[in-house]
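Residues per chain are reported as follows:
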Amino acid sequence: LGLGQKDLARAANVTDSYISQLLAQKKLPPAPNRTDVYDKIGRALKFPQGRLATLAELQRREHLKNRL
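Keep in mind that what you see is a predicted model, and the values were worked out from it rather than measured.

### Focus: the environment of Ser17
By the secondary structure assignment, Ser17 is in helix α2 (residues 16-23). Classification of Ser17 by relative accessible area gives partly exposed; the value is 41%. Considered as a pair, Ser17 and Leu45 are 28 residues apart in the sequence and their alpha carbons are 19 Å apart.

### Observations regarding the nonpolar core
Formed by Leu8, Ala9, Ala12, Ile19, Val37, Tyr38, Ile41, Leu52, Ala53 and Ala56, the largest nonpolar core amounts to 10 residues. At the level of elements, α1 (5-12), α3 (37-45) and α4 (51-67) are the ones that each hand at least two residues to this core. Sequence-distant contacts of Ala53, that is, excluding residues within four places in its chain, are made with Pro32 and Tyr38.

### Quick look at the environment of Gln5
Within the secondary structure, Gln5 is located in helix α1. The sequence separation of Gln5 and Thr15 amounts to 10 residues, and the corresponding C-alpha distance is 9.3 Å. Apart from residues no more than four positions distant in its own chain, Gln5 is found in contact with Asp16, Ile19, Ser20 and Leu23.

Criteria and thresholds
- Residues numbered from 1 in each chain as written.
- Predicted model: local features only at pLDDT ≥ 70, side-chain atom pairs only at ≥ 80, totals over all residues.
- Heavy atoms only, no water.
- Helix = DSSP H or I, 4+ residues; strand = E, 2+ residues; numbered from the N terminus.
- Buried < 20%, exposed > 50% of the residue type's maximum accessible area, 1.4 Å probe, protein only.
- Core = buried A, V, L, I, M, F, W, Y, C linked by side-chain atoms within 4.5 Å.
- Contact = heavy atoms within 4.5 Å.

By themselves these figures say nothing about function.
Have a look at this one:
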C-alpha cells in the first residue's frame, strides 16, 4: 500500500517509535480490548474489521506461552 511506519503511527495517533517497537517485536502488542489502535491501523492497511486485533492477540498468546 506504500505506507510507512510514520503513516501507520499517524493513522493510529501514536508515536513512530511505538510502531517501530511493535514491528521489531521489542514491545508486546496491547490486548485488543485495551485499545482502538488496531481498528485505526487496520483501516489504514485495509484489513477487514477486527482482523488485525485477532492477529495481534494470537501473537500475544504465543509470546506469553513461550515465556511460560
